[in-house]
Amino acid sequence: MPWRGVNEGKSWNISSLDGKERERERERERERVFLVLIVFIHFVARSAPTLRNKQNMAQNPPPTKHHRRVVDYCSDEEEEEEDEEFVIEEELNKLSALIETSLANAFGFACCDELETDENPETKRLSAHLRLILTPLSSSSKKEEMKVACEECLTALWRVLRDESCGWDKPTYRECFVLSSLRLSLCKLLEGNLQEAMECLDTALILGCPGEMARPFVRLLEKLMRRSAGGRNRASSNSLVKKQKVATREKALVVDNVLPSSPSLVPKILHPLERMNDSATWEEFKVMYFNKDMPVQLPSDKSMPCVEKWRDLAYFKERFGKRLIPLEVGKYDDVENWKEEIVPLEVFIDEHLAPDILKKGDKNSFVSYLAQHQLFEQIPQLAMDFEIPRWCNAGQFERCNIWLGTSNTITPCHFDSYDNIFGQVFGYKFVRLYLESDSQFMYKSGGDWETTRSWNVKDDDDRDGDDNSEEKETKKKFRNAQGNISRVDVEAPDLEKFPEFAKATPMDVILGPGDFIYIPSRTWHYVRSLTVSCSLNFLF
Ligand SMILES: O=C(O)CCC(=O)C(=O)O
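Below you will find a few notes about this structure.

Some words on the overall build of the protein chain
Within the protein chain, the secondary structure is distributed over 15 helices and 12 strands. Expressed as a percentage of the 540 residues in the protein chain, the buried residues total 39%. Across the protein chain, every contact between residues at least 6 apart in sequence was considered, and the portion connecting residues at least 24 apart equals 81%.

As structure tokens, this is what we get:
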């Protein structure tokens, strides 16, 4: 099972190298070795794909026909046809056996052993609970015990994640969380509580459970939910008045794809990013841009079904509104109020995006962002609405994320270690890029913490008095994670503080529906949404 020990997926501030044991002298040396190892693994893991992909692009011809999706998935209809004979008990038994055999043998038992040897009595207790969770679910008395064990594990691990400065500093924590969530979802399903069962799975997926591991559980639940919704929908289908009300209300959910006219929102493009013409070939892209690590705007593709379908947010809401998603709420530089939340997609749409659509956005509006999330691992049906862009490493990629948010989301200037094909689905975004050769002018922050998404919130030399509070420092460290972020606000640089930045050369572009750009690894980029917006990135 390749998952074990791999720090994969969106990090929920889970992974960190720091720990409470840090002050203990005898562990210092071990930590240093661990740190070097992690940095090495991080470096190899981050740089290898790009090197490998340069070779891949060089050796492989472009795919002639493009029907590759980011997740292999068959549609609900195909699935329904296959499952005429579908018996719930059998399906449940299969999933239970998956936990008790495949997952237990692959990493579950090893996880119990590791937790058991921990000095912390609370962690030891997790081990005992997990052993119960991995045993066959036979007698009904055991079901109740098992459910309690799952809930205790999840509560304890959630507390560690939220309250401890080190987060989940052991892979076993995440593994235990995933196994407890999968098992609890089956317990909830047995009780007939489908919604709570799905919430268990969503939370596990958000916190790093690989999509393919949770998929059979999600599919069973989707099937059961479709069946029970089918009955309810039929019962209410006569209510014409109700339908009309819904139609009027839902108009508020359509994103118009109009670029705001206000110059205070939309910057003037003084240094436009180079653009390939619409007939550009894959070979031209490879020779002139990819091989030279040169960012470029690629030919647009408005024919992707997602471009039209998704701008009506009712599409998301009606089909997947109850599914949980991770949100970043608040302005990126508002350390006190910025937070991460898990909410149902419909809450995000109704309470955050819809008001912004009506207001058409202004600089002070409320900001929230479903950022850098592998939503298609969680809801693979959505991946049927687009294909992997042909520019993307001959159809291969490492990770595909969605970026869905209000207007005025800001991703500060940073660079990544993956090549990136970044595409706009609906709404508009302003992107400013700088070549790697400008790094000397970018005032890179020196973060030594590792998470995937992170920000430099305040300059080190800005700190005083209250700002040094422990909680704020921890928050700041988490968000200033990879040391790949510029300390400069590239739209309003303080040149007294960062004089060298004046020597950096920006390349600007405004992306609208169907537009794509290529961002080579280590190219600095800053992104601000100008409207309610949805983008995808394909990292390779
Ligand atoms: O769209 C955004 O806000 C940021 C995108 C980004 O940083 C990326 O794709 O690497």
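Overview of the site of the ligand
The immediate surroundings of the ligand are formed by W403, T409, T411, D416, N420, F422, H525, V527, S535 and N537. Within the residue set of the shell around the ligand, elements represented by two or more residues are β7 (420-426), β11 (524-529) and β12 (533-539). A breakdown of the residues in the shell around the ligand according to their chemical character gives three nonpolar, six polar and one charged.

A few points about the sheet that holds strand β1 (residues 296-298)
Taken together, the eight strands give an open sheet; going across it, the order is β1-β10-β7-β12-β5-β4-β2-β3, and neighbouring strands pair in antiparallel fashion. With partners counted over all chains shown, the strands left at the sheet margins are β1 and β3 (339-344), one partner each. Across the sheet, the mean angle separating the axes of adjacent strands is 30° when strand polarity is ignored. Here four bridges tie β7 to strand β10 (residues 516-519), and the two strands are oriented antiparallel to one another.

Section: unusual backbone geometry
A positive phi angle, close to 60°, is found at N257, a residue other than glycine. Using a count of 18 C-beta atoms within 10 Å as the deciding quantity, one classes N257 as partly exposed. In this structure, N408 takes a positive phi of about 65° despite not being glycine. Within the fold, N408 resides in the loop between β5 (399-405) and β6 (410-414). Under the C-beta neighbour-count criterion, N408 is labelled buried, with 23 such atoms within 10 Å.

Looking at helix α6 (residues 171-190)
Taking 1.5 Å as the rise per residue, α6 with 20 residues should run 28 Å; its terminal C-alpha atoms sit 29 Å apart, in good agreement. Judged by how many residues are buried, α6 sits mostly within the fold: 18 of 20 residues are covered. A positive backbone phi angle near 85° is found at G192, which sits one or two residues after α6.

Concerning the sheet that holds strand β9 (residues 507-511)
The antiparallel open sheet is built from four strands, whose spatial order is β6-β11-β8-β9. Two strands lie at the open edges of the sheet, namely β6 and β9, each paired on one side alone. Recorded for the sheet is a direction-independent mean angle of 15° between the axes of neighbouring strands. Bridge count between β6 and β11: three bridges; the pairing is antiparallel. Among the inter-strand pairings, H414 is bridged to a residue of β11, identified as H525.

Conventions we followed
Residues numbered from 1 in each chain as written. Predicted model: local features only at pLDDT ≥ 70, side-chain atom pairs only at ≥ 80, totals over all residues. Helix = DSSP H or I, 4+ residues; strand = E, 2+ residues; numbered from the N terminus. Buried ≥ 20, exposed ≤ 12 C-beta atoms within 10 Å, placed from the backbone. Contact = placed C-beta atoms within 7 Å. Near = placed C-beta within 6 Å. Nonpolar A, V, L, I, M, F, W, Y, C, P; charged D, E, K, R; others polar. Pairing = 2+ DSSP bridges. Axes fitted to C-alpha atoms, helices over the stretch in contact; angles between N-to-C directions. Expected span 1.5 Å × (residues − 1).

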